[in-house]
Amino acid sequence: MVPAASSIIGFILFAAAGLCPLFLSEFKVGLIGLGLTYGLFAIGLDLAWGRTGIVSIGQAVFFGLGTYGVAIALVRHGSAPFGAAIGIALAGILGAFIAAVGLRRVSNPSTMAVLTLATTLLAEKVARDWWSLTNGSSGLYVPPLTSTYFYYYVCFVATTGVVGLLWFFVLRRPLGNRLTAIRLNDRRAEHLGIPIFRERVVAFTLSAMVSAIAGCLSAPWMSSVSPDRVGILLSTQVLVWVAVGGRATLLGPFVGAVALTYGQDVLASSMGESYLLLLGVLFILSVLLIPNGIAGLFFTGPQLTDTTPVGGTLPPRPPLAGGDVLAAEAIVKRFAGNTVLDGVDLRIKPREIVCLIGPNGAGKTTLINVLSGAIDCDSGSVTLRGEHIERTPPDRRVAAGLARTFQVPSLFPGLTVAEHLILARQEAGMATPLPEAYARLEREHAGLRVEMLSLSDRRSLEIAMALCSRPDVLLLDEPAAGLARNDAGALAKTLRALRDHAGCAIVCVEHDMEIVRDLADRVVCLHHGRVISEGTMDHVSANAEVRRAYLGLV
Amino acid sequence: MLFTANDVGGGYGAIHIVKDISFELGAGETLAVLGRNGVGKTTLLRTLVGLADRFTGEVKVDGEPLPARSPRALAQLGITYVPDDRGVFPRLTVAENIELARLSAYRKNERDVYALFPDLAHRTAQPAGTLSGGQQQQLAIARALATEPRLLIIDELSQGLQPSIVQALAEALVNVTRDGGLALILVDQNPNLAMRICERVMVMQRGEVVAAGASATLGADERFLDLLIV
Amino acid sequence: MSGWIQFLLDFVWLSAGLALVAFSLGLILGELKIVNIAQGDLMMVGAYSMYAMRDLPFLVALGATCIVGLLLGFVLERGVLRWVYDKGFMATLLATWGVGIVLEQGVATLFTVSQKGIDAPLKGLIEIGDVVYPTYRVAVTAGIVVLLALLLLLVYRTSIGLRLRASIDNVEMASVLGISPQRTFAMVFSVATALAVLAGALIAPTIAINPTLGLSFLAPAFFAVLISKPGSLAGPVVGAVAVEFTFTLLQAYFNITIAESVLFGLLALFIVLKPQGISWSWKPAREETS
């Protein structure tokens with residue numbers, strides 16, 4: 001899976017890190033050892049920022065909790081592993097707390113920035129004031145190492161071990177794919193069935209704990225552990241390492257951390273304070289010019305792991321006792337005093353294709369949003385297979401058998417067609433085969449990034465992803481909008497074939513009346529947030545109220 | 001010619017939604033752009049005023065190419081735009097919304113916009129975001145008129161509005177265009193309304209113009225109505 | 001009695017400075033939609049500017065410092081921020097962070113990291129009730145209150161303010177009405193920078209000047225902005241008073257670190273209850289639309 005170039009460079013760097021004590025002075029080895037622990041620290045930050053897209057500008061708090069945990073244990077002649085465990089546990093708890101407060105669906109993105117920033121500023125003060133525990137500004141004097149070389153290898157093995165565990169148990173697992181999906185497009189991720197709040201909290205907690213482990217390992221390298229270990233300067237530096245080294249890669253954070261730690265020592269002696277100035281300029285330039293960092297310049301491999309489940313493990317949903325598969329009753333939704341949905345009733349039978357039509361502003365997309373859980377209705381009820389779902393979050397509605405597409409296709413920028421389907425199948429829990437029209441897309445364009453696809457193929461991909469969850473009801477918002485004439489003409493046939501293949505009901509917002517005529521079993525016309533007519537196409541189009549709504553005969 | 005579009009095309013990101021649109025509009029002339037949902041009418045207007053990502057072709061005002069492709073450049077030439085979401089400033093009061101337009105007026109005239117929309121006259125101190133949809137639309141039109149434009153571009157005049165409000169808005173527009181010499185490009189879901197307000201019609205399908213002509217002629221043509229109806 | 005007067009004086013003095021910084025921060029967040037992490041460092045630049053001009057008459061140095069602020073803001077907006085607007089929230093945040101590092105380290109290189117101090121132009125003390133308070137603080141407090149009142153008048157009562165608020169509400173529609181987004185962004189960031197720099201300059205005589213002095217103001221200023229509705233300009237000012245009141249009150253009972261911890265806890269609680277901030281005005285703001 002991993003491209004050859006990155007494997008080779010990675011192996012060379014790994015070997016270099018393993019062998020460098022044979023060639024370098026004790027002092028230099030200590031420097032690189034510290035750089036390695038900083039690299040692990042950066043990997044921790046990268047888990048939140050690079051992989052999941054969570055802002056954390058106070059990451060040193062977690063690192064410092066680990067460092068202080070070990071330092072306090074060493075100073076008091078206690079057990080260092082015990083101190084480490086306490087530090088890591090505290091970091092995990094604090095991380096989970098901050099994430100749970102700052103990462104809710106309704107939170108502003110600036111909230112997390114302010115919370116993490118405030119945490120690091122506060123932690124530095126606490127460390128400075130809590131004399132009895134931290135010895136204040138002068139810091140804790142850590143006993144010197146008996147053997148630099150031995151401890152270097154302890155760090156080397158521990159770092160490799162933690163990164164390896166992360167790689168095999170998080171990043172190469174469905175969780176890793178989920179984090180990438182959340183970073184790239186959280187709304188789409190949610191409507192694929194990914195519980196975004198929970199996974200973000202998990203990612204941030206893990207990120208805090210990995211940073212704390214790095215902090216534990218770094219303590220013996222320092223002559224003294226002072227409040228700047230939890231402070232803003234270190235929080236800044238780790239951001240620079242990750243940004244310059246390269247986000248969402250394994251090598252990037254290490255390269256950034258080791259190079260800049262080593263460089264700091266070499267350059268700081270000759271440049272003094274202006275070294276940090278240089279670092280700042282470097283950081284701004286990297287944000288402006290190489291948003292993916294140095295590693296991003298070289299490695300553009302796949303971003304996801306193939307986690308397609310083997311065979312079907314999805315238990316079939318119980319057969320419907322009869323009646324409606326999806327029912328909405330008396331749905332009301334207001335925006336800023338405008339009533340967009342004004343008591344809409346909609347009943348969908350299994351395997352039925354219903355087209356929603358109506359003039360602009362009739363409330364069609366809002367209804368789709370209410371049904372899929374993208375927005376909550378003000379009143380009314382939605383039942384799927386008889387279960388009330390009007391307050392259920394979107395990801396759980398997907399699991400219950402409701403999938404959707406968006407008016408503007410909502411995909412994961414930078415991922416290939418194959419990667420999109422990997423995600424969809426992973427969330428579905430089984431490798432659902434696709435109907436021929438969509439299987440062709442998978443065969444012919446698997447390796448293509450979605451940016452390269454035509455609009456028509458992007459819409460098809462979105463439908464294919466929705467199909468993977470084997471929905472009972474598929475909600476489509478204007479599947480023909482912007483399609484070329486011949487693509488649009490084929491759509492009705494494709495969708496009917498899809499219904500026969502997948503056995504799902506389809507609720508489709510559509511404006512092209514030729515498509516509606518070919519596609520719909522039943523047509524529902526909305527106007528001013530109400531259903532004004534429903535039935536066959538001929539019945540609806542003959543309805544006087546519908547003609548008034550469209551032609552505006554007032 | 002007040003406004004000329006030559007082979008205008010535009011869209012967002014990789015998607016080209018409208019292509020090869022050409023028309024001319026003289027002072028005081030009115031043009032309705034019709035077509036079903038999703039044929040690119042809104043994108044055409046946004047392309048014309050310089051709000052779409054992509055642009056091909058040429059737009060001329062008074063026979064001169066534009067100095068810059070931005071809504072601001074058009075505003076300075078007396079061309080203003082009412083978007084389909086109305087674009088009122090929600091936290092500004094009604095009076096402030098109007099006042100802002102007067103500040104950037106193309107010429108000094110101090111038209112009494114409240115006389116056209118009495119509903120707004122006694123709500124001047126209310127934040128625009130708390131108005132109903134119909135009132136917001138009235139405010140959006142009143143604000144556009146307060147810039148004393150030569151050409152007014154309106155997207156979805158009647159969308160989501162009660163028939164009575166639509167009637168009032170239509171009358172107000174007929175008055176300012178017939179009597180005031182204001183040119184108008186109007187997009188609306190409601191062909192009858194649009195053809196009553198505008199002398200000329202242009203019908204779009206899939207991003208292209210498929211029919212154009214005088215409202216009186218096309219309005220009587222059954223095949224033309226079929227292009228629009230359910 | 002004197003305890004209460006002391007408390008009030010401290011509270012008013014501290015909240016005045018914080019309100020100015022929070023106003024500036026709210027201005028940047030509202031118009032440019034950027035969380036400006038460099039805000040504290042802009043204050044620091046103000047303090048050092050005053051230090052560099054310590055031999056000039058105070059008011060002359062203050063005026064020159066404001067000009068420094070305007071220029072700095074203009075250069076930063078044109079040179080850095082303008083290139084990251086369309087790169088998303090994270091990129092803008094990181095860019096301002098980078099600017100902060102560069103300012104801090106640039107100052108450290110120019111002036112070294114050792115602490116500096118400047119004399120207040122007014123050295124006297126004022127007796128208020130039983131409490132003796134430095135005249136300079138009282139004068140600066142009064143000055144900031146007047147300045148903020150003028151700024152709020154400018155924002156809510158003049159055509160410039162009207163254009164600004166329109167641009168904050170809907171930048172695209174503002175451009176349709178002839179308000180250039182590029183110019184507004186540059187102007188707003190320059191003025192906001194000048195205000196932060198001015199705040200730093202005004203408090204410079206009362207603190208030890210070092211390159212990281214801005215940090216202690218950063219968190220409370222963000223708290224003030226975070227608890228008010230996004231885009232509100234009066235909100236951060238009221239927010240600053242609320243934060244400083246709580247903080248001063250907490251400090252009366254706890255040492256400063258515990259007070260800050262409690263304040264942080266209260267903020268977290270607030271965010272849980274009101275993730276969208278609160279509107280300080282009595283009129284309901286528009287609901288979120290999707």
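This report concerns the structure included in the present document. (Residues numbered from 1 in each chain as written. Chains lettered and ligands numbered in written order. Predicted model: local features only at pLDDT ≥ 70, side-chain atom pairs only at ≥ 80, totals over all residues. Heavy atoms only, no water.)

## Observations regarding the overall build of chain B
Link 1 in the chain: The secondary structure content of chain B amounts to 10 helices and 10 strands.
Link 2 in the chain: Relative to the compact-globule value of 17 Å for 230 residues, chain B shows a C-alpha radius of gyration of 17 Å, a close match.
Link 3 in the chain: Counting over 230 residues, chain B shows a buried share of 58%.
Link 4 in the chain: Taken as a whole, chain B presents about 8300 Å² of accessible surface, with 49% of it coming from carbon and sulfur.
Link 5 in the chain: In chain B, 22 positive and 26 negative side-chain charges are present, and the distance between their average locations comes to 4 Å. (Helix = DSSP H or I, 4+ residues; strand = E, 2+ residues; numbered from the N terminus. Rg over C-alpha atoms; globule rule 2.2 N^0.38 Å. Buried < 20%, exposed > 50% of the residue type's maximum accessible area, 1.4 Å probe, protein only. Areas by Shrake-Rupley, 256 points an atom, 1.4 Å probe, with all protein chains shown as cover. Lys, Arg positive; Asp, Glu negative; His and termini not counted. Charge placed at Lys NZ, Arg CZ, Asp CG, Glu CD.)

## Section: the interface of chain C and chain B
Link 1 in the chain: Contacts between the two partners involve 25 residues from chain C and, on the opposite side, 26 residues from chain B.
Link 2 in the chain: One salt bridge in this structure joins C:R165 and B:E96, with 2.8 Å as the shortest N-O distance.
Link 3 in the chain: Put simply, chain C and chain B have 6 residue pairs in polar contact (both at pLDDT 80 or more) between them.
Link 4 in the chain: Breaking the side of chain C that touches chain B down by element, the ones donating at least two residues are helix 6 (159–169) and helix 7 (171–176) of chain C.
Link 5 in the chain: Sorting elements by how many residues they give to the side of chain C that touches chain B places helix 6 of chain C first, with 7 residues.
Link 6 in the chain: A breakdown of the residues in the side of chain C that touches chain B according to their chemical character gives 11 nonpolar, 7 polar and 7 charged. (Contact = heavy atoms within 4.5 Å. Salt bridge = Lys/Arg side-chain N within 4 Å of Asp/Glu carboxyl O. Polar contact = N/O pair within 3.5 Å; in protein donor to acceptor, adjacent residues only side chain to side chain. Nonpolar A, V, L, I, M, F, W, Y, C, P; charged D, E, K, R; others polar.)

## Brief notes about the environment of C:Y133
Link 1 in the chain: Tracing the chain through its elements places C:Y133 in strand 2 (residues 131–134).
Link 2 in the chain: Looking at C:Y133, its side chain comes within polar contact range of the side chain of C:D10, at 2.8 Å.

## Observations regarding the packing of helix 3 (residues 94–103) of chain B against helix 6 of chain C
Link 1 in the chain: In contact at an axis separation of 10 Å, helix 3 of chain B and helix 6 of chain C are set at 110° when each is read in the N-to-C sense. Relative to helix 6 of chain C, the element helix 3 of chain B is oriented roughly perpendicular. The residues of helix 6 of chain C that touch helix 3 of chain B, namely those facing B:E96, B:E99, B:L100 and B:L103, are C:S159, C:L162, C:R163, C:R165 and C:A166.
Link 2 in the chain: Residue composition of the contact of helix 3 of chain B with helix 6 of chain C, grouped by class: 4 nonpolar, 1 polar and 4 charged. (Axes fitted to C-alpha atoms, helices over the stretch in contact; angles between N-to-C directions. Parallel < 35°, antiparallel > 145°, perpendicular 65-115°, else oblique.)

## Some points on the interface of chain A and chain C
Link 1 in the chain: In this complex, chain A contributes 44 residues to the contact, which on the side of chain C involves 48 residues.
Link 2 in the chain: A buried area of about 4000 Å², summed over both sides, lies between chain A and chain C, and 78% of it is on carbon and sulfur atoms.
Link 3 in the chain: Counting the contacts that link chain A with chain C gives 1 salt bridge.
Link 4 in the chain: Here A:K125 and C:E260 are joined by a salt bridge, their closest N and O atoms 2.6 Å apart.
Link 5 in the chain: Viewed at the interface, chain C and chain A are joined by 4 residue pairs in polar contact (both at pLDDT 80 or more).
Link 6 in the chain: The set of elements that each furnish at least two residues to the side of chain A that touches chain C consists of helix 4 (80–102), helix 5 (109–129), helix 11 (232–245) and helix 13 (274–289) of chain A.
Link 7 in the chain: Among the elements that take part in the side of chain A that touches chain C, helix 5 of chain A stands out by supplying 14 residues, more than any other.
Link 8 in the chain: Class assignment of the residues belonging to the side of chain A that touches chain C gives a composition of 29 nonpolar, 11 polar and 4 charged. (Buried area = accessible area lost by both parts, 1.4 Å probe.)

## Concerning unusual backbone geometry
Link 1 in the chain: Unusually for a residue other than glycine, A:R470 sits at a positive phi of about 45°.
Link 2 in the chain: You can call A:R470 partly exposed: its relative accessible area is 35%.
Link 3 in the chain: Even without a glycine there, the phi angle at B:E156 is positive, about 55°.
Link 4 in the chain: Structurally, B:E156 is set in the loop between strand 7 (151–155) and helix 7 (163–178).

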